[in-house]
Amino acid sequence: MGSEPESPSDSPRHRSKRIACRQCRQAKLRCEVSTGGAIPCSRCRRLGYDCKLDTAFQRVNRRERLEELEKEVQHLRSSVSTIPATQQPLPSLPTPSESYSAATSIVDPESSGAPLRFSFFQRYHPYVPLLDPAITADQYYARSALLFWVIILVASRRYTDEPGLFVTLTAPVKRLLWDTIANPPHTWHVVQSILLVCLWPFPTSSLSSDITSILVSTAQTIAVRMGLHRPEAIQDFSRTKRRLNVDEMAEVARTWATCYITAQIIATIDGQIWVTSDWMVDRLCDRDGTGMIPTSLKHQLLISRFSARVGQFMSGHPQGPTGLPRPGEVMSLLALLEREYTELASTLTSQISEENKILLNFIALQLYVFYLLEDTDSDTRKRGLLRAYTIALETITTMNHLETLTDTMPFGPISYFRALSIAAMFILKLSYSNLGPFLDLETGKRCFNSAIMLTRRISIEDNDLPGRTSKILTQLWSAQARTGQRDKGPGLRLKTRLAASLVHDSMWAWREQFGGQMSGVNTPLGGMRGPNNVQEPGMSVPNDGSGTEGLSLEDVVDAELLALLPFSLEGDDILAAQGGC
């Protein structure tokens, strides 16, 4: 007798099918979990999300939530502005409408954990100790609605219990920020708000659309107009007589120190010049016996002051368009600055934290970029670049170690992303040059691959700047593996961006290789100098000489990567597009 026919409920087509995880369902993205893939899925693993399956999960209408939050912010600002400054009571904390799922647990400090405020001071604040953790959320809002919401915004970047919260908050907080800037007078809490946004910036997919440099200049201007750089004489910058008490003096000192540090970081990243020093900065670095600022902040201030000195020494020379010293002067200036750096590092070695050691290495790499701007082939230059290679390896190794211990990359400030970028590009530049025989190339490859993985950990949304950079680094390595000239000395064509010249030169190389900008004309696929063997970043560093002749770009590049490239594919033609990284 034959077996009984399979019931409809037992047939494969009627079995319950796998669903995508909550994060991918919210984002309307394909998830390998739905096709039997492992948990966590690759997207959640890359972005640090909590990958969960939930059959009852319903997507949240972000547009409605955003509109509700915008109305709430406007209502709160109107309510606060109608109360005279001298009679303002301690207001109830703002809570979004009842339909907002995070509601009280996000903004009420008396709730069972106040997770976002706690997350900010536990995860983000230690990197740049600007604020006072003892102040309650009520008090922060009473001081500045903008500061309160910026703290919530920064904390929401990795808030896994409400993964869409950061996206929801970004637009209204950005609007509140610009409205506050446009309506003086300002307080130093506005300066603090802007600095936090600069250290943990709004996501962007392009350097040209990044507003961080504009914001930090605004913060510096407001701070100086208020007299934060001269706290003992702050009444000279005010319409009323006032003196700061001890706590206020400490807060102003922290604010001005952080302003200087942030401005120096952003200026150097952008290839600009910041002031060499400042009376208050020198006082906090050299003559502060009262501990006005935390030790970790003082170390960052010392590092930033040296970075400013490097920029001042190596710029402003009028004999050429680059503003660099004459060829015969570069090496002597670099020797002097290297001695000063060695003294600074020696002074800090016994006290500096591993996190601040990253910043110390970061400014060392910025200093060594100037060796690449010199065209000589001297032994002094070669030795300097070999030292740069060693520091690049050390930087990535330190960051990899910290990431293993404390999840540093998802929560660290913008300087960590930039330190990774310059370290990886130094490894790339020197590995494919005539210095290769003197380098530990295998360690360099491993560190380069680690840099790609760590950069992806920094990414907070698809196609943001860290996410794009991780893929650009992969493409650049593949291009060098295929076409790199190991018999030539390392150098740069772009020489006008000071310490940022290496990064911007690498970006231009990427545009020429993959962006259809070779010699200013559209470049067909067959005429590109870049490789066809582009590998998905984060898996393994491309092996030298591993070609994939005969394959098109579509055969070897994933769809996500194709989507971000600044050209489209039609047959064998590449249509160059405007813009780029």
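Calculation notes
Residues numbered from 1 in each chain as written. Predicted model: local features only at pLDDT ≥ 70, side-chain atom pairs only at ≥ 80, totals over all residues. Heavy atoms only, no water. Helix = DSSP H or I, 4+ residues; strand = E, 2+ residues; numbered from the N terminus. Contact = heavy atoms within 4.5 Å. Areas by Shrake-Rupley, 256 points an atom, 1.4 Å probe, with all protein chains shown as cover. UniProt positions renumbered as here; feature names shortened; annotations may be inferred. Phe/Tyr/Trp six-rings, centres within 6.5 Å; stacked < 30°, edge-to-face > 60°. Lys NZ or Arg CZ within 6 Å of the ring centre and 35° of its normal. Disulfide = S-S within 2.5 Å. Buried < 20%, exposed > 50% of the residue type's maximum accessible area, 1.4 Å probe, protein only. Salt bridge = Lys/Arg side-chain N within 4 Å of Asp/Glu carboxyl O. Polar contact = N/O pair within 3.5 Å; in protein donor to acceptor, adjacent residues only side chain to side chain. Expected span 1.5 Å × (residues − 1). Axes fitted to C-alpha atoms, helices over the stretch in contact; angles between N-to-C directions. Left-handed = near helix turned anticlockwise from the far one by under 90°. Nonpolar A, V, L, I, M, F, W, Y, C, P; charged D, E, K, R; others polar. Parallel < 35°, antiparallel > 145°, perpendicular 65-115°, else oblique.

Named according to an unreviewed UniProt entry, the protein chain is Zn(2)-C6 fungal-type domain-containing protein originating from Aspergillus sclerotioniger CBS 115572.

Let's talk about the overall build of the protein chain
When helices and strands are counted, the protein chain shows 23 helices and two strands. Relative to all contacts within the protein chain whose residues are 6 or more apart in sequence, the contacts with residues 24 or more apart total 70%. Accessible surface, the protein chain: about 26,700 Å² in total, of which carbon and sulfur atoms supply 51%.

Some points on the UniProt feature "domain: Zn(2)-C6 fungal-type" (unreviewed entry) in the protein chain
UniProt records the feature "domain: Zn(2)-C6 fungal-type" (unreviewed entry) for residues 20–53 in the present numbering. Here residues 20–53 runs as 35% helix and 0% strand, with 7 Å between its end C-alpha atoms.

Concerning the packing of aromatic side chains
Inspection of every chain in the model, using the stated rule, returns 13 aromatic pairs. Aromatic rings pair up to connect F120, F121, Y124, Y140, W200 and F411 into one cluster. Here the guanidinium or amino end of K174 rests over the ring plane of F202, the centre of that ring lying 4.8 Å away. Stacked on the ring of W508, the Lys or Arg R511 has its end atom at 4.6 Å from the ring centre.

Structural notes on the state of the cysteines
Using the criterion set out here, one finds zero disulfides in the structure. The closest cysteine sulfur to the non-disulfide-bonded C31 is located on C24, 3.8 Å from its own sulfur. Given the relative accessible area of 2%, C31 is considered buried. No disulfide involves C41; its sulfur sits 3.5 Å from that of C44, the nearest cysteine. Using a relative accessible area of 1% as the deciding quantity, one classes C41 as buried.

Focus: the pattern of salt bridges
Across all of its chains, the model carries 20 salt bridges by this definition. When the shortest N-O distance is used, the salt bridge between K52 and D50 registers 3.2 Å. Residue classification places K52 among the partly exposed residues on the basis of a relative accessible area of 43%. Among the salt bridges present, the one from D377 reaches K382, with a minimum N-O distance of 3.9 Å. Taken together, the shared-partner salt bridges connect D282, D286 and R305 into one network.

Points about the environment of D270
You can see D270 is positioned in the loop between α11 (246–269) and α12 (279–286). If sequence neighbours within four positions are ignored, D270 has contacts with S213, R497 and A500.

What to know about the side chain of E512
Within the element layout of this structure, E512 appears in helix α21 (residues 501–514). Reaching out from E512, the side chain makes a polar contact with the side chain of R493 at a distance of 3.0 Å.

Observations concerning α21
With 14 residues, α21 ought to run about 20 Å at 1.5 Å a step, and its terminal C-alpha atoms sit 20 Å apart, in line with that. In terms of residue burial, α21 counts as a mostly covered element, since 12 of its 14 residues are buried. Of all the positions in α21, only S501, L502, V503, H504, D505, S506, M507, W510, R511, E512, Q513 and F514 are classed as buried.

Quick look at the packing of helix α8 (residues 165–181) against helix α10 (residues 212–226)
Their axes nearest at 12 Å, the elements α8 and α10 cross at an angle of 40°. Crossing of α8 against α10: the hand is left-handed. Residues L177, W178 and I181 of α8 touch α10, and the partners they reach there are I214, L215 and T218. Considering only residue class, the contact of α8 with α10 consists of five nonpolar, one polar and no charged.

A word on the environment of T262
Tracing the sequence through the fold places T262 in helix α11. Look at T262 and you get buried, because its relative accessible area is 1%. Placed 39 residues apart in sequence, T262 and L301 show a C-alpha to C-alpha distance of 9.6 Å. Contacts of T262, omitting those with residues within four sequence positions, involve L195, C198, L199 and V216. At 2.7 Å, the side chain of T262 forms a polar contact with the backbone oxygen of T258.

Concerning the packing of helix α19 (residues 441–458) against helix α20 (residues 465–483)
Geometry of a packed helix pair, given as the angle between the helix axes and the separation of the axes. The N-to-C vectors of α19 and α20 enclose an angle of 160°; their axes lie 7 Å apart at closest approach. Of the possible angle classes, the one that applies to α19 and α20 is roughly antiparallel. Classified by chirality, the crossing of α20 by α19 is left-handed. Judged by residue contacts, K445, F448, I452, T455, R456 and I458 of α19 engage P466, T469, S470, L473, T474 and W477 from α20.

Description of the side chain of Q192
With respect to the helices and strands, Q192 occurs in helix α9 (residues 188–199). At a separation of 3.0 Å, a polar atom in the side chain of Q192 contacts the side chain of T255. When near neighbours in sequence (up to four residues on either side) are disregarded, Q192 contacts L130, L131, L147, E251 and T255.

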